Amino acid sequence: MKTIMQSSFLYEIEVMKSKLASRNIDSYIKNEYVNNVAVFPISQNYELLINEDDFEKAVEILNEEVDLDESEE
């Protein structure tokens, strides 16, 4: 497994995980449940991990820009 993204915000990681899942790339969120176990919330970096074989394709997918105006044409 290889880290493709890190963030202090879980929602950012979840959005990228969903984007990869929509293209059939499996991923795993490291430290996803840390704040559920800790008594006091802690600042924790979440990591999105993927299979090394999918790394290059995943980077391309995450770097794609979405053109929201496309549907208007």
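Figured I'd write up the structure that's included with this text. Only a predicted model underlies this, so the values are computations on that prediction, with no experimental measurement involved.

1. With respect to the pattern of salt bridges
In the structure shown here, the tally under the stated rule is one salt bridge. A salt bridge links Glu 64 to Arg 23; the nearest nitrogen and oxygen atoms lie 2.6 Å apart. Residue Glu 64 is located in the segment after α3 (55–63), and its partner Arg 23 is located in the loop between α1 (10–21) and β2 (27–30); the two are separated by 41 residues in the primary sequence. Accessibility expressed as a relative area gives 37% for Arg 23, which makes it partly exposed.

2. Description of the pairing of strand β3 (residues 46–50)
With respect to burial, β3 is a largely interior element, five of its five residues being buried. What you see with β3 is no split at all: Tyr 46, Leu 48 and Ile 50 on one side and Glu 47 and Leu 49 on the other are buried throughout. Alignment of β2 against β3, held across four bridges, turns out to be antiparallel. The partner of Ser 27 across the bridge, within β3, is Ile 50.

3. Things to note about the sheet that holds strand β1 (residues 2–7)
An order of β1-β3-β2 is seen for the three strands of this open sheet, with the pairing classed as antiparallel. In this open sheet, the two edge strands, each paired with only one partner strand, are β1 and β2. Strand-to-strand twist across the sheet, computed as the mean angle between neighbouring axes with direction ignored, equals 25 degrees. Relative to β3, β1 runs antiparallel, the two being bridged by five bridges. The residue of β3 that forms the bridge with Thr 3 is Leu 49.

Definitions and cut-offs
- Residues numbered from 1 in each chain as written.
- Predicted model: local features only at pLDDT ≥ 70, side-chain atom pairs only at ≥ 80, totals over all residues.
- Heavy atoms only, no water.
- Salt bridge = Lys/Arg side-chain N within 4 Å of Asp/Glu carboxyl O.
- Helix = DSSP H or I, 4+ residues; strand = E, 2+ residues; numbered from the N terminus.
- Buried < 20%, exposed > 50% of the residue type's maximum accessible area, 1.4 Å probe, protein only.
- Pairing = 2+ DSSP bridges.
- Axes fitted to C-alpha atoms, helices over the stretch in contact; angles between N-to-C directions.

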